[in-house]
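Descriptive structure summary
Here are the chains, one letter per residue:
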Amino acid sequence: MARKKKASTPRIMVAVAFAMLLAACLVVGFLAAITLVWPRPSVVPPSMTPTASPWAMPSLTPTAIATVTPTRPPMPSPTLPRATGTPLPFDPSSYLPKGAKFVCARQGDLDGDNRTEWLLLYMESVQAGIQEEKAMVVAPRESGVKTYSLYRADKRELGEYELCDVTIGDFNKDGKTEIAISGGAGAHYSILSIFQWNGNLYASIGVFGGDAGTGLRDVDGDGVPEIIEAGRFYDRAQLFASLVYSWQQGKYVEYYRSMGFTFGQPDPITYPEEATLAFYLLLDKRSYADAYQLLSQGYKATVPLDKFASGFANTEKIAVEELKVSGEEPSTARVAVQLAAFERQDGKKILQRYGGTWQVVKEIGDWKLNQSDIKRL
């Protein structure tokens, strides 16, 4: 058998070199593939800080960026004009006593100098758990802003509740500006305080209160509002009386009284004083036919309705000032009355007063006015 020849050394070396070259190619290809798929860090170019508006123009002069601290929305406040007319931002808290709570503001010429002042109402704690409503005037002047506190003549509070019920104007027709502030206390007590500038301060010129209401109203039709102060009697008929005050010779004085039903005219009428008061209230409304029905059959037999109504042709207003029952029995009673009547005489309105008694009787279970003894006082 013939022997095989051994491979030569050069051929072996070529094979080894080829194998090494192939391995190197495989390694390079593998590394290139890894480089293509492996994520590379990206370079992010610097960007401008976004502005509040995408259309904002860049400023040529750099400005500092303020840090804004979130706060509660500010309370809307009016603008207080200076005496020169330059607007002055008006922050009520800068004028009120420390710890006071601002309620509201009203503006106007409060002292007659043709310049604007501001009236501020605020609540202030006077002792633990008790607050009072108070008032002050803020007046801008050339020398600065001046403040004036408003105090009632009796030194009591303007009210116990946060109310903004203010009337400003010359409502007593004396040529000066008045400030009327309405407040409340307790369950249903009304308070009315009136102030007027006297050259040095806002003086108290009227203090009124009642548990049936207070207010300003022209009750006699002369174009000048009167002050109404009403209080309840808490009697069996649930009556109240209004005291009417008018401005006379530089002060408020009692004008007349006017009685009424706290809860409206009762139906049915149970007491003799109710029948008497209802009769005059209907006359005041010029409801003569309804008032006529409160008269007894005996009285109506002496005067027909048209003659009865004609007797009040010159009467513009009737108010019951006093009402008192005496000699009451199951079917009869006497009711003493005092009346204030505004009557037209010679083109003028005159206040007349009448007084006397009515005999009131029961007819078919209803109280009727039977006989009168009423005379001019």
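Every residue gets a number counted from 1 within its own chain, in the order that chain's sequence is written. Only residues with pLDDT of at least 70 get local features here, since the model is predicted, and only at 80 or more are side-chain atom pairs given and counted; chain-wide, interface and lining totals rely on the full set of residues. Each side-chain value is derived from all of the structure's non-hydrogen atoms; neither hydrogens nor water enter the calculation.

Before going further, it helps to examine helix α2 (residues 272–284). One full turn of an α-helix is made of 3.6 residues, so residues set three or four places apart face in the same direction. Secondary structure is summarised from DSSP: a helix means a run of H or I of at least four residues, a strand means a run of E of at least two, and numbering begins at the N terminus for each. Helix span, expected: 1.5 Å multiplied by one less than the number of residues in the helix. Over its 13 residues, α2 extends 19 Å from the first C-alpha to the last, a length consistent with the 18 Å expected when each residue adds 1.5 Å. Remark: exposure states derive from per-residue accessible area (1.4 Å probe, protein chains only) relative to the maximum for the residue type, with buried under 20%, exposed over 50%, and partly exposed in between. For α2, the tally of buried residues reaches 11 of 13 residues, placing the bulk of the element in the interior. For α2, the set of buried residues is P272, E273, E274, A275, T276, L277, A278, F279, Y280, L282 and L283.

Here we take up the sheet that holds strand β4 (residues 117–127). Strand order in this open sheet of 4 strands is β3-β4-β5-β6, and the pairing throughout is antiparallel. Each edge of the sheet is formed by a strand with only one pairing partner; in this case those strands are β3 (101–108) and β6 (144–150). The mean angle between the axes of side-by-side strands here comes to 30 degrees, regardless of whether they run parallel or antiparallel. Pairing between two strands is assigned when DSSP locates at least 2 bridges connecting them. Relative to β6, strand β5 (residues 130–141) runs antiparallel, the two sharing 7 bridges. Directly across from A139, in β6, lies its bridge partner K146. For helices, the axis comes from a line fit to the C-alpha atoms of the stretch in contact; other axes are also lines fit to C-alpha atoms, and the angle between any two N-to-C directions lies between 0 and 180 degrees.

Let us look at the sheet that holds strand β13 (residues 239–248). Spatially, β11-β12-β13-β14 is the arrangement adopted by the 4 strands of the open sheet, whose pairing is antiparallel. The open sheet has two free edges, formed respectively by β11 (214–217) and β14 (251–261), since each of these has just one partner strand. Each strand of the sheet is rotated relative to its neighbour by a mean of 25 degrees, with strand direction disregarded. Inspection of the sheet shows strand β12 (residues 226–232) paired to β13 by 6 bridges, in the antiparallel sense. From the neighbouring strand, I228 faces β13, where its bridge partner is V244.

This part is about the nonpolar core. The nonpolar side chains of a soluble globular protein tend to be buried, and buried together. The biggest cluster of nonpolar side chains holds 34 residues, and the ones touching the most others in it are F279, Y280, L283, F308, L323 and W358. Mapped by element, the contributors of at least two residues to this core are β13, β14, α2, α3 (288–292), β15 (315–326), β16 (332–345), β17 (348–363) and β18 (366–376). Only heavy atoms matter for contacts: two residues are in contact if any of them lie within 4.5 Å across the pair. Once you skip the residues sitting within four places of it in the chain, L283 turns out to touch Y288, A291, F308, F312 and I318. Core analysis: the next-biggest nonpolar cluster, separate from the first, contains 16 residues, L110, A139, L158 and V166 among them. Only buried residues count toward a nonpolar core. Its members are Ala, Val, Leu, Ile, Met, Phe, Trp, Tyr and Cys residues joined through side-chain atoms within 4.5 Å.

Residues at a pLDDT of 70 or more form 76% of the chain, whose mean pLDDT is 82. pLDDT: the predictor's confidence for each residue, scored from 0 to 100. Throughout residues 1–9 the model reports pLDDT below 50, and contacts reaching past four residues in sequence, or to other chains, amount to 1 contact.

Inspection of the secondary structure puts F261 in strand β14. When the C-alpha atoms of F261 and L239 are compared, they prove to be 4.7 Å apart, with 22 residues separating the residues in sequence. When neighbours within four sequence positions are excluded, F261 is seen to be in contact with A237, Q238, L239, F240, P266, E274, L277, A278 and L281.

The subject of this paragraph is the side chain of S182. In this fold, S182 is placed in strand β8 (residues 178–185). Those residues in contact with S182 that lie beyond four places of it in its chain are E133, L163, D165, I191 and L192.

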